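# Descriptive structure summary
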Amino acid sequence: MGFFSSVSNFICNVAIICWDVILTLLNLVRRKRRVGHVTPEGHPGYGGHWPEFRPPQETDSRSACPGLNAMANHGIISRTGRGLSFVEVTHQIPATYNFSPTMCSCSSRFAATMLKRNYNKDTFDLEELNQHNGIEHDASLLRFDTAFEPDQAKKDVPFIEELLAAATGKDKHGHDIITTKDFSRMLGKRRAIARATNKGFKLSLLHRFFGSTNASTLVAIFGGRVNDLRTFLLDERLPEGWESRARQAHGITMTGLSLGTVSKVEFGVREKDWAGAAREAAEGQGA
Ligand SMILES: *[C@@H]1O[C@H](CO)[C@@H](O)[C@H](O)[C@H]1NC(C)=O
């Protein structure tokens, strides 16, 4: 990247982060969106009516991110998952999941920089987001490490089933809930076992933070509800009648999520608790 573009990139990110702090403060004082109106009127999904779900075709492009894949499976973004404009995707995410515009803009710009594309003009295919140690990283809750499964669009069903079965919480209607503690526990397990079994294992501080952010979004958007997460994670589909449980006026901000759930999830991870399981997994692999 040239000097000018990296400087302008930096300034733009500082501006986005300041804006994110402002939206976080506004969320504290503004009324929440009404139930049934989280997705704004006129957008696909308003009132829980999502466009038709169609599983991807052989030639369609998909990513490691269930959120973007689900949007493509419902036709909220191109069903092919190809030739997507960064700007357009950034506009569609807040209306679907109620992430703040700042969080969406920051992640899309991060992706554009990773792919060495122009955020304002260029396009991408979903599978291009799977570049290893860009956004995608080892010890995922939903995917086998790249070293073992190069196609990161492919779900690891046993991992997902294990995560869903790890729920220890209940909501007031008696539905099973995956709590932040459950997410910390499962992240610890995945990290310990991946570290012991994957020779090329790598997990930087940034990627730890991405991992706990993923988990936190599942708490914020789905309330950790197992029923909804089963549909979302296994079929990459939005449940009929569902809407995001994040009802903040300006959506989930980076500041709000990091100070709240992400730090709780990340500081709760205890890889050491899984030393025995990790040793067994490594021995099993050698046998
Ligand atoms: C977080 O999401 C990214 C992109 O979808 C994925 O590659 C990564 O493995 C996820 N991390 C965890 C811990 O699930």
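This report concerns the structure included in the present document. Starting from 1, residues in each chain are numbered consecutively following that chain's sequence as written. Restriction of local features to residues with pLDDT of at least 70 applies here, the model being predicted, together with a cutoff of 80 or more for giving and counting side-chain atom pairs; totals for whole chains, interfaces and linings are based on all residues. Values shown for side chains rest on all heavy atoms present in the structure; no hydrogens or waters enter the calculation.

### Examining the site of the ligand
The local shell around the ligand consists of Ala 64, Cys 65, Ile 135, Glu 136, His 137, Ala 139, Ser 140, Leu 141, Leu 187, Gly 211 and Asn 214. A 3.5 Å cut-off defines polar contacts: any pair of N or O atoms within that distance qualifies, except that in protein one atom must be a possible hydrogen donor and the other a possible acceptor, and neighbouring residues in sequence count only when both atoms are side-chain atoms. At a separation of 3.1 Å, an oxygen atom of the ligand approaches a polar backbone atom of Ala 64. For the ligand, a nitrogen atom lies 2.9 Å from a polar atom in the side chain of His 137. Areas reported as accessible are Shrake-Rupley estimates using a 1.4 Å probe. Residue values count occlusion only from the protein chains shown. The protein chains hide 92% of the 360 Å² of surface that the ligand would expose on its own. Three classes are used: nonpolar for Ala, Val, Leu, Ile, Met, Phe, Trp, Tyr, Cys and Pro, charged for Asp, Glu, Lys and Arg, and polar for all others, with Gly counted as polar. Each residue belonging to the shell around the ligand can be placed in one class, and the counts come to six nonpolar, four polar and one charged. For this description, a residue counts as near a given molecule or strand if any of its non-hydrogen atoms is within 4 Å of it.

### Re the pattern of salt bridges
Pairing is possible between side chains of opposite charge, provided their charged atoms come close. Each salt bridge in this description consists of a side-chain nitrogen of Lys or Arg and a carboxyl oxygen of Asp or Glu lying within 4 Å of one another. Summed over all chains, the structure comprises 15 salt bridges. A salt bridge links Asp 145 to Arg 190; the shortest N-O distance between them is 3.8 Å. Residue Asp 145 is found in the loop between strand S2 (123-124) and helix H5 (157-165), and its partner Arg 190 is found in helix H6 (residues 180-197); the two are separated by 45 residues along the sequence. Within this structure, Arg 82, Asp 125 and Glu 127 form a network of salt bridges that share partners. Under the scheme used here, helices are H or I runs from DSSP no shorter than 4 residues and strands are E runs no shorter than 2 residues, and both carry numbers assigned from the N terminus.

### Here's the deal with the nonpolar core
Ranked by size, the top nonpolar core spans 54 residues in total, and within it Tyr 97 and Phe 232 carry the most contacts. Among the secondary structure elements, those contributing two or more residues to this core are helix H2 (66-73), helix H3 (86-97), helix H4 (101-114), H5, H6, helix H7 (205-222), helix H8 (226-235) and helix H9 (254-267). No other element matches the six residues that H4 contributes to this core. Setting aside residues up to four positions removed in sequence, Tyr 97 forms contacts with Pro 66, Gly 67, Ala 70, Met 71, Ile 221, Phe 232, Leu 238, Trp 242 and Ser 244. Put simply, buried Ala, Val, Leu, Ile, Met, Phe, Trp, Tyr and Cys residues joined by side-chain atoms within 4.5 Å make one nonpolar core. Only protein chains enter the accessibility calculation, which uses a 1.4 Å probe; a residue is then buried when its area is under 20% of its type maximum, exposed when over 50%, and partly exposed in between. Any two residues having at least one pair of non-hydrogen atoms within 4.5 Å are treated as being in contact.

### Quick look at the packing of aromatic side chains
A pair of Phe, Tyr and Trp rings is counted when the ring centres sit within 6.5 Å of each other, with Trp represented by its six-membered ring. The angle between the planes then sorts it: under 30 degrees is stacked, over 60 is edge-to-face, the rest tilted. Per the counting criterion, the structure on display carries 11 aromatic pairs. Here a set of aromatic residues connected by ring pairs shows up, and it is made of Trp 50, Tyr 97, Phe 99, Phe 222, Phe 232 and Trp 242. Its guanidinium or amino end placed over the ring of Tyr 119, Arg 109 lies 4.1 Å from that ring's centre, counting from NZ or CZ. Throughout this description, the term charge over a ring refers to an Arg CZ or Lys NZ atom that lies within 6 Å of the ring centre and within 35 degrees of the ring normal.

### Looking at the packing of H6 against H7
Relative to each other, H6 and H7 sit at 145°, their axes nearing to 10 Å. Classified by chirality, the crossing of H7 by H6 is right-handed. Contacts between H6 and H7 involve Thr 180, Phe 183, Leu 187, Arg 191 and Arg 195 from the former and Arg 208, Gly 211, Ser 212, Ala 215, Leu 218 and Val 219 from the latter. Taken together, the residues of the contact of H6 with H7 sort by class into five nonpolar, three polar and three charged. Only the stretch in contact is used when fitting a helix axis, every axis being a line fitted to C-alpha atoms; angles between N-to-C directions are given from 0 to 180 degrees. It is the rotation of the near helix from the far one that decides the hand of a crossing: anticlockwise by less than a right angle makes it left-handed, clockwise makes it right-handed.

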